[in-house]
Structures are given as structure tokens and as C-alpha cells.
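In case you want the letters, here they are:
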Amino acid sequence: MNSARAKDTLRSNVQFYFGDQAHARPSKSFGTFTSKKKSRALGRSDEDACRAAFLRAMVSFQDRVLKEGGNAVINLKSYYHENDFSSATHFECGAGGLIAGVTMVGEVVLID
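Just so you know, these numbers come straight off a predicted model, no measurement behind them.

Draft legend 1. Layout of the overall build of the protein chain. Counting secondary structure elements, the protein chain contains 2 helices and 5 strands. When its helices and strands are written in sequence order, the protein chain yields α-β-β-α-β-β-β. The C-alpha atoms of the protein chain give a radius of gyration of 14 Å, which matches the 13 Å a tight globule of 112 residues would have. With the C-alpha coordinates aligned to their principal axes, the bounding extent of the protein chain is approximately 45 × 30 × 20 Å. When burial is assessed residue by residue, the protein chain has 38% of its 112 residues classed as buried. Sequence separation of 24 or more characterises 76% of the internal contacts of the protein chain that already satisfy a separation of 6 or more. On the protein chain, roughly 6,600 Å² of surface is accessible, and the fraction owed to carbon and sulfur atoms is 46%. Looking at charge distribution, the protein chain has the averaged site of its 15 positive side-chain charges lying 6 Å from that of its 12 negative ones.

This is the structure in C-alpha cells:
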């Protein structure tokens, strides 16, 4: 989330809270959503391919937040192969020779 690419891609008016990161109490919930995204891995390091897939997932959440009228995603966690993994600093990614993929789950909310 702190990379130059993420800062250039994601809007500052949408906040992301991973794992049990503290956040203000939401005034409205629009529901829990899943984002499953893949990225080309051929010719890239696993780390680069996974970061690209992760960023695509965050863009997908950003689009959902804006569509629903919210301003944040809370309780974001990895859900790769339906395995819950909650962390404020890490996510799970599957990387192979051709494709890397992530699955993230989070609750879209409005925080006043």
C-alpha cells in the first residue's frame, strides 16, 4: 500500500483497514465483498506478480466503495483458497510460472 505504484493508483478518499487495524465506527455497512484477482507472473518475480495482483484487488475494492457510496473497507483479510488469513501487514498469494493470484475479503462501509 505504500509503494509509489499503489499511491499513484489508489484514491486518497478511500481508506483500507487490514486485519484488526483500528478505525472509527462505521455509520453504515454496505456488506462484505470478495475480490479475486490475478496477475501475469511470467518473466516477473513472485513478489512483483503478487503485488500486482494485490493492487488489482484493492482497485476492485475501491471501485466497489465508490459504487456503494462508502469511503472505507474494514476487516480486510486474505481468503486465498478459502483460507482466512488476517494481518495488518501481509497477504497470501499463490504464484506459479504463469499466473499469481490473491483473494481478499472486506466490509465496505461509510465512516463519518
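Draft legend 2. The arrangement of the state of the cysteines in detail. Counted under the stated rule, the structure contains 1 disulfide. Between the sulfur atoms of C50 and its disulfide mate C93 the distance is 2.1 Å. Measuring handedness by torsion sign, the sulfur bridge of C50 and C93 sits at about -85° and is left-handed. One end of the pair, C50, is in helix 2 (residues 46-68); the other, C93, is in the loop between strand 3 (72-78) and strand 4 (94-95), and 43 residues separate them in sequence. Here C93 falls in the partly exposed class, since its relative accessible area comes to 25%.

Draft legend 3. Seen up close, the nonpolar core. Counting residues in hydrophobic clusters, the biggest one holds 19 residues, and the most contacted among them are F16, F18, M58, F61, V73, L76 and M104. With 7 residues, the top contributor of residues to this core is helix 2. Those residues in contact with V73 that sit more than four places away from it in its chain are Q15, F16, Y17, F61, V65, G106, E107 and V108.

Draft legend 4. Structural context of the packing of aromatic side chains. In this structure the tally under the stated criterion is 2 aromatic pairs. Measuring from ring centre to ring centre gives 6.0 Å for F18 and F54, while their planes differ by 35°; the resulting arrangement is tilted. One end of the pair, F18, is in strand 1 (residues 15-18); the other, F54, is in helix 2, with 36 residues separating them in the sequence. Residues F54 and F91 carry aromatic rings whose centres are separated by 4.4 Å and whose planes lie at 15° to one another, so their mutual orientation is stacked.

Draft legend 5. Just the pairing of strand 5 (residues 99-110), in detail. Counting buried positions along strand 5 gives 10 out of 12 residues, so the element sits mostly inside the fold. Across 12 bridges, the pairing between strand 2 (residues 28-40) and strand 5 is antiparallel. Bridging from a neighbouring strand, R40 pairs with I99 of strand 5. Across 5 bridges, the pairing between strand 3 and strand 5 is antiparallel.

Definitions and limits used
Residues numbered from 1 in each chain as written. Predicted model: local features only at pLDDT ≥ 70, side-chain atom pairs only at ≥ 80, totals over all residues. Heavy atoms only, no water. Helix = DSSP H or I, 4+ residues; strand = E, 2+ residues; numbered from the N terminus. Rg over C-alpha atoms; globule rule 2.2 N^0.38 Å. Buried < 20%, exposed > 50% of the residue type's maximum accessible area, 1.4 Å probe, protein only. Contact = heavy atoms within 4.5 Å. Areas by Shrake-Rupley, 256 points an atom, 1.4 Å probe, with all protein chains shown as cover. Lys, Arg positive; Asp, Glu negative; His and termini not counted. Charge placed at Lys NZ, Arg CZ, Asp CG, Glu CD. Disulfide = S-S within 2.5 Å. Core = buried A, V, L, I, M, F, W, Y, C linked by side-chain atoms within 4.5 Å. Phe/Tyr/Trp six-rings, centres within 6.5 Å; stacked < 30°, edge-to-face > 60°. Pairing = 2+ DSSP bridges.

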